[in-house]
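Residues per chain, in single letters:
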There are 2 protein chains.
Amino acid sequence: MNTMEKITTVPSLKQILTAHKTIKPYIHQTPVISNASINKLTGASIFFKCENFQKIGAFKMRGATCATMALTDKEKTNGIATHSSGNHAQAVALSAKNHNINAYIVMPSSAPVIKRKATEGYGANIITCNPTIAARQSTLDQVVAKTNATFIHPFDNYNVIAGQATAAIELIEEVGRMDIVMAPIGGGGLMSGTALGTHYLLPDTQIIGTEPERVDDAYLSFQKGEIVKNKSINSIADGLLTNLSPKTFNIIKEHLNEIITVSEQQIIQAMRLIWERMKIIVEPSSAVPLAAILKQKERFLGQKIGLILTGGNVDINNLPF
Amino acid sequence: MNTMEKITTVPSLKQILTAHKTIKPYIHQTPVISNASINKLTGASIFFKCENFQKIGAFKMRGATCATMALTDKEKTNGIATHSSGNHAQAVALSAKNHNINAYIVMPSSAPVIKRKATEGYGANIITCNPTIAARQSTLDQVVAKTNATFIHPFDNYNVIAGQATAAIELIEEVGRMDIVMAPIGGGGLMSGTALGTHYLLPDTQIIGTEPERVDDAYLSFQKGEIVKNKSINSIADGLLTNLSPKTFNIIKEHLNEIITVSEQQIIQAMRLIWERMKIIVEPSSAVPLAAILKQKERFLGQKIGLILTGGNVDINNLPF
C-alpha cells in the first residue's frame, strides 16, 4: 500500500501537511537555533533551521522519503534509482533501506570516496559512470531500462518538493510569525518547498532566495522570466551547482520576492561565522543566506528572519579556512 | 546583596540546586544530544551534554557565574581577578560584565589573539605576563594587591565546583537513570561537580573520569591516594593540562569509580567522529570521554552513558585533521 499520494500539480497546503505527517517517522524534527552574537553582529533576529542535524546530514532526506512513500507496491518491487554524487544519493539510499526496497545510484567516478562509502553503507547498488552530465543521464537510463526502477529526480518532482517544504513548516510551527524566510537555491527543490510552506502559513512574510554569484542561474531566470542555465559550475557551495527545473522555476517565479547573490568570499566568511559562533558544522551551501544578510545588512536590520541551513556534509580534511 | 551563599565545604545537593536556580538567568540550558551512528558504532547508548553551546562556548560559564554571584557588595565594588589563557578567562570576564563589576584577567603573552580579543570584548582589563606559571601567579598577586579584587580560582573553589555540577544536574533531569556518567579531568572542577551531582541524584550510577595519557596526574593521584603532578603538559586537549587541587582531588578520590586514560590519537579520532557524525564543533578536551568508550568498547557495551562535552572553542585554522 502506498501511504502517500503521488502529487501531480503544485503541492497544496493539505498535501504538504500530509507529506509531513507521513514522513515524520523517518526524519528528525531538527532544532531551530538562535545565536546572540550573530544577532548582535547583524542587528537582526535570525532563526536557523538546522537541517545539518537531519538524517544523512541534509534536508534531502525529507524529499526522498516523501517520493519513496508515494510509490505503488509494484513500483516498490522494482526499486528506485537516481544519479547524484552528494546528499540526494544518500537520501535515496536510506529511504530505500527504510522501506525495504532496492536502490540504484549512479555516481560519477569523481565522487568522493567518503560519499560513495556512505551510500553503499545504506545498502544501495552503486553504478559508476564517467564524470559528465551526459554520462550520468545515459547510465541512469540504462539502469532504469534494465531494472524498471522508478527514477527519483532530486528536485523536479512534486513529492520531493512537498517533502522539502516540511522544513519550513516545522520552522514556522516553532517560531511563528517572521518578517522574512530565506533559503539557498540549487535546483530549487528546497527553495520552492520553502516558498510554498511560507506562502501558505505566513502569507505576509517575504520570501528571499539566495545564490552564489558564480552559479546565478536562478537569479538570472527570475529576472528574465524564463529558465537561464549556469555558465559555470565553479563554486564552493557544492550543493547549489544545478540549474532550476520547470517545476521549481514556476514556484520560485510566483512566490519569491527577491533573489540575492553572494561572492565566494562572502560564503566562506558566513560559513566561518556559523562554525565559530554557533559551534555547528554546516556545508558551504548552508552559509549562503547568512552571507546575503551580511552583504545587505541595512536591508535586514531589525527583521525577524527564518533561514534554512541545508546540511553539514563537508570534508573536514578540505576546509576553506 | 549577594544572591548566592559562599560555599565553604564540599557542596551539598541543596547548595548545588540553589546554585543552579541562581545562575540560570545567566547560562544556557544546553541540549542533550544522542547520535544513532555513534550508538551503533559503540554498542552503547550515549547522551552528550553539549556545553559547547554554553555561553562563551564552554561549561566554565557555570562556575564563574556561581562564584561571582557569591561576592558581597563590597567585594563586587573591587571586582574579580583571575589568570587564564582559555575558557575561564572569558567566563570570568562575561560574569563580571553581567554583574556590572570590574574584571582583571592575567593572560600569558603566548595566549592566542582570538582569546585575548574575546576576553577584551567582554570589557575585561587584560594584564599581560610572561608565559610561565610563576609569572602568572606573581602578576596576579600584584593585581590583587593593587585592586583588592577577589581571585576566582578556576577550580579550587567550592562555588565554582557547585556551578560546574549544574551541567550534570541538567543532564540527569533530562535523561533520568543512567548506568555511567563520564567527564574529562583537567583541574577537576567539572569532574568533581559532575561526581557530586551524579552521586546525589543517581547514587547507583558509576562515575568515570577520563584523561589524556600524556597529562595523567588525576589517574596517578587516584591510584596513589595523594596528589601527583603532571610531568608534561603536552597534549592536544588544551583544557586538561592543569593539576588537581586539594578540593577537587578529595571529591574525585571519594566519588569516582575509575579513571581511564587515552592517547592523543584516540582523542583526535573521537573528536573527528563527533564533528563528522554529530555535525557539532567540540574542542579536543570534549572528545576524551568518547575516546575512552571507544578504547574500552567491551566494557561499555549496552550501557546507558551520560557524558559532558566541555566546550567548542577551537582555532579552526589549526585543526588536528
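All of the points below concern the structure found in this document. (Residues numbered from 1 in each chain as written. Chains lettered and ligands numbered in written order. Predicted model: local features only at pLDDT ≥ 70, side-chain atom pairs only at ≥ 80, totals over all residues.)

The next point concerns the packing of helix α5 (residues 87-98) of chain B against helix α6 (residues 113-121) of chain B. Residues and elements named next belong to chain B. Across the interface, α5 lies against α6 with an axial gap of 8 Å and an inter-helix angle of 15 degrees. Comparing the axis directions of α5 and α6 gives the class roughly parallel. Crossing angle aside, the handedness with which α5 passes α6 is left-handed. The residues of α6 that touch α5, namely those facing Ala-89, Gln-90 and Ala-93, are Lys-115, Ala-118 and Thr-119. The class makeup of the residues in the contact of α5 with α6 is 3 nonpolar, 2 polar and 1 charged. (Axes fitted to C-alpha atoms, helices over the stretch in contact; angles between N-to-C directions. Helix = DSSP H or I, 4+ residues; strand = E, 2+ residues; numbered from the N terminus. Parallel < 35°, antiparallel > 145°, perpendicular 65-115°, else oblique. Left-handed = near helix turned anticlockwise from the far one by under 90°. Contact = placed C-beta atoms within 7 Å. Nonpolar A, V, L, I, M, F, W, Y, C, P; charged D, E, K, R; others polar.)

We now examine the interface of chain A and chain B. Bring the parts together and some accessible area is lost; that lost area is often taken as the interface size. Taken together, the 13 residues of chain A in the interface contact 12 residues of chain B. Here the side of chain A that touches chain B is composed, by residue class, of 6 nonpolar, 4 polar and 3 charged.

Turning our eyes to something else, we now look at the relation of the copies chain A and chain B. The two copies are related by a screw operation: chain A maps onto chain B through 180 degrees of rotation and 0.0 Å of translation along the axis, at an RMSD of 0.0 Å. The transformation relating the two chain copies, once decomposed into turn and shift, fits a two-fold axis. By C-alpha distance to the rotation axis, the residue of chain A lying nearest is Ile280(A), at 2.1 Å. When the interface residues of chain A are mapped onto chain B, 92% of them are again interface residues, pointing to one common binding face. (Least-squares fit on C-alpha atoms with pLDDT ≥ 70 in both.)

Taken across its 9 residues, helix α3 (residues 60-68) of chain B has 9 buried, putting it largely inside the fold. Those residues of α3(B) lying buried are Lys60(B), Met61(B), Arg62(B), Gly63(B), Ala64(B), Thr65(B), Cys66(B), Ala67(B) and Thr68(B). (Buried ≥ 20, exposed ≤ 12 C-beta atoms within 10 Å, placed from the backbone.)

Time to look at unusual backbone geometry. Residue and element names in this part refer to chain A. Despite not being glycine, Asn-100 has its phi angle at roughly 55 degrees, a positive value. Looking at where Asn-100 falls in the secondary structure, it is placed in the loop between α5 (87-98) and β4 (103-108). You can call Asn-100 exposed: it has 8 C-beta atoms within 10 Å.

Turning next to helix α13 (residues 288-295) of chain B. Of all 8 residues in α13(B), 6 are buried; the element is thus mostly enclosed. For α13(B), every residue scored as buried is listed here: Val288(B), Pro289(B), Leu290(B), Ala291(B), Ala292(B) and Ile293(B).

All right, on to the sheet that holds strand β6 (residues 150-151) of chain A then. Residues and elements named next belong to chain A. The 4 strands lie next to each other as β5-β4-β3-β6, forming an open sheet whose pairing is parallel. Lying at the two open borders of the sheet, with one neighbouring strand each, are β5 (125-129) and β6. Examined bridge by bridge, β4 and β5 share 5 bridges and lie parallel to one another. Its bridge partner being in β5, Pro-108 is matched across the sheet by Cys-129. In this fold helix α7 (residues 133-147) packs onto β3 (80-83), β4, β5 and β6, with an angle of close to 160 degrees to the strand it touches most, β4. (Pairing = 2+ DSSP bridges.)

What follows is about the nonpolar core. Ranked by internal contacts, the top residues of the largest apolar core, which has 203 residues, are Val92(A), Ile305(A), Val92(B) and Ile305(B). Discounting residues that sit within four places of it in the chain, Ile305(A) has contacts with Ala44(A), Ser45(A), Ile46(A), Phe47(A), Met178(A), Asp179(A), Ile180(A), Met182(A), Ile293(A) and Phe300(A). (Core = buried A, V, L, I, M, F, W, Y, C linked by C-beta atoms within 7 Å.)

By themselves, these figures tell us nothing about what the structure is for.
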